[in-house]
Structure formats: C-alpha cells, structure tokens
Amino acid sequence: MVEHGGLTLEEFGRSLLDLTMTDDVIRRRAISLLPLARREERELKILGKPSRLTVDFQVGDATVTRGVSVAVDVSIPQVLTVRVDTAGEADAAEHRLDATIVLRITPRPRAPLGIYLDVAEPAAESVLFAESQVGSKDYLRARIEEEVRKELLRLVRARIAETEAERTLDLEEPLARALGAAFADPGGREAPPPSRLRGAGAALQQGGAAPHGAPAGVLDAQLRTFGNAMPLQVWTARPDGKLNFVNQAVLDYFDRTEDQMLGEGWLSMLHPDDVQKTIAVWTRSLETGQPYETEFRLRRASDQSYREHMVRALPQRDAAGNIVLWIGGTTDVAELRRAEAALRQSEARYRLFAEGSNEGIWFWNIREDTTEWSDRMLEMMGVSREAWGGTFMSFFERLHPDDRSLMQAALKAHLEERRPFAIEYRLRHEDGEYRDVFTRGMAEWDERGVPFQMAGGATDVTEQKRHQAMLKERLEIIERQQEAIRALSTPIIEVWKGVLTMPVLGVLDEQRSQQMMEVLLEAVARTRCRHAIIDLTGVSALDAATADHVLRLIDAVAMLGAQGIVVGIRPEVAQTVVSLGLDLSNIKTLSNLREALLFAMQSSGVSVRRRRRRRDLREDEDEAPRARGPLPERDG
C-alpha cells in the first residue's frame, strides 16, 4: 500500500466514500425515487362491490439509519388521504393513513470511478402503517390498507426501474483532486491523470493478474480460512477425485481428523448400500467434467445414525480448460426429507379426505385477493384450472345475482364480527346452469385482528335439494290422502238441525279415538247440536280399551252441552261388555239408529207431535173404508 502521512490509500478511499455518501446525499437520492405523482386513482372490488380508490400523498422528512455493513435504511414517512367511493353507497369513506416506506440502499463500486446506489426492491413488509389505524372489526379499513400498500409498492418499484441509469455518483473529479493533494510530488510534479487511474482500475476489475510474488501458501491459508468460516460441509478434490481439503464443519460432523477424511477416507462414512451408486456418479463426473450432484446417506458421529445428504461439486478449470480442482459442498437434508415426507403424507390425507367426502376445498388470500380451488371445486363447476380466474371476483361473478348481497353480508359478518360462516347459494356452472352449493369456512386474523386469509369446504347439494323437493311433494300428497282417509273413517252426518251422527267402522284404537274426538267435538261446537249419535253397528268386537274410548267420547260431548247416544251394539259386543263388567248405565244406549232418531225427535217437542198427528190421520183414512163395509153393486 502507498502511504501518505500515515494514511493508506485504502483508508483514504474509504474516508472519501464516507465523505461523499453523507446522510443528506442518501436522503435526497432516496426521496427522488418516490413516485412523482401526488395523486393516484384506481378501481378495485371490495367483497364484490365496485369501488374507486383515490390516494393523495404528502412526503415527510426521511430518516437514514446506518447498519454494521455499508447498507443504509432510509425511512420515508408518508401522510396519505384515502377516499373510497363504493357503488350503491351514498357517502364515500375517507381515511387518513400514516405510512412509512423503508428503502435499503447499498453503495457499490462502479468502474471506472463511481458509486452505484443499489436499491433493493421493496418488499410488502417494507410499507409500514401505524398500529392504531386498524380496529379488530374494521375489515374495510384493513382492505384499504392492503390496496394502498400494493399501490405504493407498484409506484416505488416502477420508479426504481426508471432511475436505473441515474443512481451512480461520479467520484472521478473529487478523487482526482484528493489524489492530487495526497500524491503531489515534493519536487512539484503533478499527479497521474484520471485516465491512467481509470485504466488501472478497469484492468483489476477485468481479472488481471494477481500481484507478483503472492505465495501459494498464502492463497491456501485464505482458502482454508474461508472454508472453515462456512457452516456448511465444504471440501475440495484433486482432478483424480481424491479429497485434498475438508473444512472444520466436516470434521466436527463425523468426529474425524483431516487425515482420516482426505483421499478416499470419506467413503467409510457412507451407508454400505450407497457406496456403489455414489462411486459410479462421482466417476462419471470425473470423466465427463459435468457437475457432480447426487444424494447419499452418511453416518453422523453424534448418534451413529445414517442421515440423508445432498452433495454438489463444480470443476475449476485453468486457461487451457483442464480441470485443476473440484469444489464441493455437502448438506444434511434428513430433516428436510422428513418434513417433505410429512407434507406428502398430509397432502395425501387431505386429498383422500377431499375425494372421500366429495367436498370441494377453497382458499382465499384476502391480502392478495387471490383464491385457490381444489380439483373437486373445479369439477363441480365444470371449469378447467386454466380458465379459472383465481381471484375473488372470479368466484363472485359466478354467484347468482339474487345471492350476491347475501354472500356479502355473510362474509362481512364473519370477517368483522367473527360470526360463523355457513351459507347456501347458487353458483353458475360452465354450462350456464346454476348449481346449489353449501359452504362453510373460517378466516384467520393477524395480531391486530385483521383477517388475512380464509379457507373452507363446499358441497354441491343440487341433486340433494331436488330429491328433497320430490320427497316433500310426495309427502304432501300422502298427507292429503291420509286426510281424505281420515275424513272417510270419521264421517259426520248432520241428520237435521241439532242432531249429528257418527258411524264407527272397524277397530277403534287410541289414535283413531283421538281423531274421532277432535272431529266430533269440532262439529258439535260448530253446529251447536243437542244430540250426538255414535253408531257402533260396524264394530264387531269391543274390549275394555274400546269401551273406555267411547266413554271418554261421550263425556267430552256432554261437556259441550250435547247428549251422547250410543246405538248399534251387537249381541256379541253386549256379551263382552257384561263379561268385562263395564258400567254403561250413565250412557243413553238404543238398539239402532232409527230409535235414536225417534228419541231425538221426542226430545225436540213440537216437531214430533206434528209428525204423530200426520201419521194418525193417515191411519184413520186407511181404516174408514173397512168400517163402512163393501160398496153395493150397481146394475150395469
């Protein structure tokens, strides 16, 4: 190194870089990368509703934070006024967001004499919002933040791409002045011109020869230091494939000395079943010069277990193209393979569940507004994966228009109030027919209570609903038929005003007795009759239960102010009554319906007497000719 006043050229250059890359320079350069437009508008959909997002920007004072490395972070605050106009809503939602954009800038040398400001493309998490902005139930506010985040990232990334050629600081002039002062010849000779300095720098960057006299031992020591500093298992091999270097990570993993591992000593660590395969692949790479890449099992010293390893080596060639060295690395991937196996098993179980349950699975990334459908979901809708849009609107546009407001309300209730999400709706099939779908799902909320993803299952219930509708129709027909049968089995005949009769046929059980009571009491109350005649002519057998039903029926009729009359008791029924010891003394019983009707007429008074007078007159007229004798014969 050339020294001047105790300051090496390297230290002098670093000092010059520090003096050039001041916080003010970095701050001004970073702010220049921000979008020039101070108002942005875009269309978006919020739960299927078309909306317009308008954002006004106001840039604050940037803050520069220097880390341990040469990279610096520039935090640029933004005050955003956001307005959302949603279709169907009279008032627009207006919000104020305090955002911060974090840019990471790394100064890098650029030939011949310059510093390039390498700005890493900002990630989504580099746009930060104040923690207090979003409430646990404010889904709309959270969605706005995500849309604003996307807009900011899009604008900043586009601006960075535009300024690719503008992010170089030219140090030729200040360096020339500095070198002129630092290397001025005491005799008054001027410093070398910048063009000579530039050429020397370019030659070094193009891979010129190393300084003469650099000993091989120094390079070997540097290689060992570099290799031992790496946490991976690093090794090198000669062109014949024998190892000539392994780093400390290899020695620690196998608990071996370097002499035990070099050459072909590492083969003793291989699983016996993998030796032949490994040697064959390694030999092929040595013969062809192709990169060496394979997997095998090696024995770990700590527990003497064989663990899967992935190995890769690349050949290093000289100017003539001959291989002079192989540089490789070996990685223990046992845990990775176990995780992959567990993932495959989990996916297999998930697939088995999805296929076995005939249920479609869906996933919605709320922040990115993307959706994923399982094969079963696509099959239910008859759409190919290539034709499926993969966004929430792709799903929402397939909803039946009459079901969209219902879906919006159900999603909003779940996302904002965490109510259970289970809904039935109609979804358009690819053939144009709407299918009935039942779905349920669950969202996941972040630490602020903002939903960021949602998943669930869906079942096509179209055929099930058709069968239910058909079954319901058939049940209604059966119920109407049963009602007709019940009406026939419990007929009510109004003989004349005030007199009802109910003929009983067949077996009189509990259910039928209850039905008879309901029908008879309703008729008695409606007609306000005075006599209710129960005709048992069609009852061939009478047991204690049947008799009890009749007694209760008579008592119920009496409570409504009518007299119950039982007629038509057959001789065998009468014998049963006597043998059972049933007391029917409080019930009016007559032999047949005619006697019951006469009894009802006698009880009605005047109408009975009229009928008797008419009958007496007819009988007198019939007897009068017989009393007068035969008429005398007349002469012809």
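Given the structure is predicted, the values throughout are model-derived calculations rather than measurements.

Calculation criteria
- Residues numbered from 1 in each chain as written.
- Predicted model: local features only at pLDDT ≥ 70, side-chain atom pairs only at ≥ 80, totals over all residues.
- Heavy atoms only, no water.
- Helix = DSSP H or I, 4+ residues; strand = E, 2+ residues; numbered from the N terminus.
- Contact = heavy atoms within 4.5 Å.
- Areas by Shrake-Rupley, 256 points an atom, 1.4 Å probe, with all protein chains shown as cover.
- Core = buried A, V, L, I, M, F, W, Y, C linked by side-chain atoms within 4.5 Å.
- Buried < 20%, exposed > 50% of the residue type's maximum accessible area, 1.4 Å probe, protein only.
- Salt bridge = Lys/Arg side-chain N within 4 Å of Asp/Glu carboxyl O.
- Pairing = 2+ DSSP bridges.
- Patch = residues over 30% accessible without salt bridge, like charges linked within 9 Å, V, L, I, M, F, W, Y side chains within 5 Å.
- Phe/Tyr/Trp six-rings, centres within 6.5 Å; stacked < 30°, edge-to-face > 60°.
- Lys NZ or Arg CZ within 6 Å of the ring centre and 35° of its normal.
- Axes fitted to C-alpha atoms, helices over the stretch in contact; angles between N-to-C directions.

**Q** Help me understand the overall build of the protein, please; the structure alone is not making it clear to me.
**A** Across its full length, the protein carries 19 helices and 25 strands. Considering only contacts within the protein whose residues lie at least 6 apart along the sequence, 56% involve residues at least 24 apart. Summing over all exposed atoms, the protein offers an accessible surface of approximately 38100 Å²; the carbon and sulfur share of this is 53%.

**Q** Even after reading the chapter, I still don't get the nonpolar core, so can you show me in this structure?
**A** Nonpolar side chains tend to gather and get buried jointly when the protein is soluble and globular. Counting residues in hydrophobic clusters, the biggest one holds 33 residues, and the most contacted among them are L80, V82 and V148. Secondary-structure elements contributing two or more residues to this core are α2 (23-32), β3 (39-46), β4 (49-59), β6 (72-86), β7 (93-110), β8 (114-119), β9 (127-129) and α3 (139-162). No other element matches the 7 residues that α3 contributes to this core. Listed in part, the 29 residues of the second largest apolar core include L47, V383, L411 and A458.

**Q** Looking at this model, I keep getting lost on the pattern of salt bridges. Mind explaining?
**A** Where side chains of opposite charge bring their charged atoms close, a pairing between them can arise. In this structure the tally under the stated criterion is 37 salt bridges. A salt bridge links D85 to R83; the shortest N-O distance between them is 3.3 Å. Members of the salt-bridge network, linked through shared partners, are E433, R435, D460, E463 and R466.

**Q** What is the right way to look at the side chain of S285 in this model?
**A** Within the fold, S285 resides in helix α9 (residues 275-288). The class of S285 is buried, set by a relative accessible area of 5%. Dropping the residues within four chain positions of it, S285 is found in contact with Q290, P291, Y292 and W326.

**Q** It is not clear to me how the side chain of H531 should be interpreted in this structure. Could you clarify?
**A** On the secondary structure map, H531 appears in strand β23 (residues 531-538). Given the relative accessible area of 5%, H531 is considered buried. Contact partners of H531, with chain neighbours within four places excluded, come to G498, V499, L500, A562, Q563, I565, F599, A600 and S603.

**Q** Would you mind going over the pairing of strand β15 (residues 323-332) with me for this structure?
**A** Remember that side chains alternate between the two faces of the sheet whenever the strand is regular. As paired strands, strand β11 (residues 233-237) and β15 are joined by 5 bridges and run antiparallel to one another. When the bridges of β15 are listed, Q233 appears paired with T330. Hairpin remark: strand β14 (residues 306-317) followed by β15, antiparallel, with 5 residues in the connecting loop; positive phi at G321, about 90°.

**Q** Sorry if this is basic, but what is going on with a nonpolar patch on the surface here?
**A** A cluster of nonpolar side chains, L471, L475 and I478, forms an exposed patch at the surface whose accessible area comes to about 260 Å². Looking at the element boundaries, L475 is found in helix α14 (residues 462-489). For L475, a relative accessible area of 44% translates into the label partly exposed.

**Q** What should I look at first to understand the packing of aromatic side chains in this one?
**A** Any two aromatic rings considered together are summarised by their centre-to-centre distance and by the angle between their planes. Considering all chains together, one arrives at 10 aromatic pairs under this definition. Measuring from centroid to centroid gives 4.9 Å for Y253 and F254, while their planes differ by 75°, and the two rings are edge-to-face. Looking at Y253, the relative accessible area reads 14%, which means it is buried. Of the aromatic side chains, those joined through ring pairs into one cluster are W364, F392, F395, F396 and Y425. Geometry around W445 places R418 over its ring, the cationic atom sitting 4.1 Å from the centre.

**Q** Before we go on, may I ask you to explain the sheet that holds strand β25 (residues 588-590) in this structure?
**A** Sheets are built from strands paired through backbone hydrogen bonds, the pairs being either parallel or antiparallel. Taken together, the 5 strands give an open sheet; going across it, the order is β21-β22-β23-β24-β25, and neighbouring strands pair in mixed fashion. Every interior strand has two partners, whereas the edge strands, β21 (493-496) and β25, have only one. Between one strand axis and the next, the sheet turns through 30° on average, direction left out of account. The pairing of strand β24 (residues 563-567) with β25 spans 3 bridges and is classified as parallel. Bridge pairing links I565 to K588 in β25. In this fold helix α16 (residues 544-559) packs onto β23 and β24, with an angle of close to 150° to the strand it touches most, β24.

**Q** Honestly, the environment of V72 in this entry has me stumped. Any pointers?
**A** Along the chain, V72 falls in strand β6. A residue is classified by how much of its surface remains accessible, and V72, at 2% relative accessible area, is buried. For the pair V72 and L103, spaced 31 residues apart in sequence, the C-alpha to C-alpha distance is 8.3 Å. Setting aside its immediate chain neighbours within four residues, V72 contacts I26, V64, T65, R66, L103, R104 and I105.

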